[in-house]
Amino acid sequence: MHRRIHRVILPLAKVFGKEMADFVAKPLSRVLRVKDCLRASKEYDSVIVETAKVLEDGGLVGVPTDTIYGIACLASISQSVKKIYELKGRAEKKPLAVCVSTVESISHICKITVPTDLLHDLLPGPVTLVFERTAGLNPDLNPTHNKVGVRIPKFSFIQDLVVKCSSPLALTSANYSSQASSTSVEEFEPLWGELDLVVDAGKVGTGSKEGSTVVDLSVCGRYQIIRQGCALENTLAVLRDKYKLSPAD
C-alpha cells in the first residue's frame, strides 16, 4: 500500500500593495504545493524531478522535513553553500548539517564510531548525529570544522529527493539566523524571494519548533548532547540504555 503524502498544484506567487516594488526587483520563489499525492505517482515524481533539477543547477530550495522546514542545496556546490550563509545572515563558524538518504551512505562522509545497528535505531528520525568528517565531504562546507552533523529525516519526500540528486544535501532551518523555526511555508515567507523553489507539504512535525536532537558521537563509547531538540528521551534510551554509551566529560 502506497503512503499518501502530497499532491502537486501549479506554481503560484501572490504580491499585494507595497510589496509590488520588491516583487518587480526580485520575483518570489515558485511554490509547489503538494498534498494527498501517492508516493511514486506521476505528480509526486514530477516534483522530485523538478526540485532535484533546481538543486543540481545550484539553486536553494525550501523543503519539508520530519521536524521543521529547511533550506537545502547540494553540499557539493560551494557557491550554493555560500548563498545559504548569505541568505540567513549566518556566521560561517556555525556549521550546516548534511542530509543523506541511507545509513550506509554516512560512512562516505564521516568516520563512524558506533555500531551500524545504533545508527539504524536512530535513523531515519528527528536526530542529527555528529561525527568527524572525511575527505569525501566538500571542503568548502563548514571549512572551520572537523566534524559534521548528519541527518536522515523520517520524511519520504526529502529521502527520495536525496536519492534523485545522488548527492548529500546541505541543510539548515528555514528562518533567519536566531529567529524561530518554521513548521509551515507561510512562516518563512520573508525568505521566499531569496529561494529558487519552495516545496509546500503543509504543516510538518509534531507542533514543536525545537528541531532535531543533536548528539556528538565522534568519540568512541561516548555521547554529548549538543541540542536537546524534539527527540531527547528516545535518543538517550538508545545511546545510554541500549548501547551503554557514557556521557562525555
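Structure's up top.
## With respect to the pattern of salt bridges
- Evaluated as defined, the whole model comprises ten salt bridges.
- Across the pair R39 and D160 runs a salt bridge whose closest N-O atoms are separated by 2.5 Å. On the criterion of sequence distance, the pair formed by R39 in the loop between strand 1 (30–33) and helix 2 (42–56) and D160 in helix 5 (residues 156–165) is long-range, its members being 121 residues apart.
- A salt bridge links E187 to K209; the nearest nitrogen and oxygen atoms lie 3.2 Å apart. In this pair, E187 sits in the loop between strand 8 (169–173) and strand 9 (197–200) while K209 sits in the loop between strand 9 and strand 10 (213–216), placing the two residues 22 residues apart along the sequence.
- For E187, a relative accessible area of 33% gives the class partly exposed.

## Points about the pairing of strand 3 (residues 69–74)
- With respect to burial, strand 3 is a largely interior element, six of its six residues being buried.
- Here strand 3 shows no split at all, with Y69, I71 and C73 on one side and G70, A72 and L74 on the other all buried.
- In the sheet, strand 2 (residues 61–64) pairs with strand 3 via four bridges, with the strands oriented antiparallel. Following the sheet pairing, V61 is matched in strand 3 by A72.
- Turn length for the strand 2-strand 3 hairpin, with the two strands adjacent in sequence and antiparallel, is four residues.
- Here strand 3 runs beside strand 8; their pairing, made up of five bridges, is antiparallel. When the sheet's bridge partners are listed, G70 is paired in strand 8 with S173.

## Points about the packing of aromatic side chains
- Within this structure, the stated rule accounts for two aromatic pairs.
- Plain terms: the ring middles of Y44 and F157 are 6.4 Å apart, the flat faces sit at 85° to each other, and that makes the pair edge-to-face. Placement of the pair is Y44 in helix 2 and F157 in helix 5, with a sequence separation of 113 residues.
- Of the residues examined, F157 reaches a relative accessible area of 1% and is grouped as buried.
- Judged by centre distance (5.6 Å) and plane angle (45°), the ring pair of Y69 and F188 falls under tilted. With a gap of 119 residues between them, Y69 in strand 3 and F188 in the loop between strand 8 and strand 9 connect regions that are remote in the sequence.

## Looking at the packing of helix 2 against helix 5
- In the contact formed by helix 2 and helix 5, the axes pass within 9 Å of each other and the chain directions differ by 55°. The angle between helix 2 and helix 5 falls in the class oblique. Here helix 2 and helix 5 pass one another in a crossing that is right-handed. Here helix 2 contributes Y44, V47, I48, V49, T51, A52, L55 and E56 to the contact with helix 5, which in turn contributes S156, F157, D160, L161, K164 and C165.
- Each residue belonging to the contact of helix 2 with helix 5 can be placed in one class, and the counts come to nine nonpolar, two polar and three charged.

Procedures and definitions
Each chain has its residues counted from 1, following the order in which its sequence is written. Local features in this predicted model are restricted to residues whose pLDDT is 70 or higher, and side-chain atom pairs enter the listing and the counts only when it is 80 or higher, whereas totals over whole chains, interfaces and linings include all residues. Side-chain numbers here rest on the full set of heavy atoms in the structure, without hydrogens or water. We define a salt bridge as a contact between a side-chain nitrogen of Lys or Arg and a carboxyl oxygen of Asp or Glu at a distance within 4 Å. Segments assigned H or I by DSSP are reported as helices when at least four residues long, segments assigned E as strands when at least two residues long, and all are numbered from the N terminus. The classification of residues rests on relative accessible area computed with a 1.4 Å probe and restricted to protein chains. Under 20% of the type maximum is buried, over 50% is exposed, and intermediate values are partly exposed. For two strands to be treated as a pair, DSSP must find at least two bridges joining them. Only Phe, Tyr and Trp rings are paired, with Trp represented by its six-membered ring, and only when their centres lie within 6.5 Å; those with planes under 30 degrees apart are stacked, over 60 edge-to-face, the remainder tilted. All axes here are fitted lines through C-alpha atoms, helices being fitted over the stretch that makes contact, and every angle between N-to-C directions spans 0 to 180 degrees. Under this scheme an angle from 65 to 115 degrees is roughly perpendicular, one under 35 degrees roughly parallel, and one over 145 degrees roughly antiparallel; angles in between are oblique. Take the far helix as the reference: if the near one is turned anticlockwise from it by less than a right angle, the crossing is left-handed, and if turned clockwise, right-handed. Throughout, a contact is declared for two residues whenever any of their heavy atoms are within 4.5 Å. All residues other than Ala, Val, Leu, Ile, Met, Phe, Trp, Tyr, Cys, Pro, Asp, Glu, Lys and Arg, Gly among them, are scored as polar; the first ten of these are nonpolar and the last four charged.

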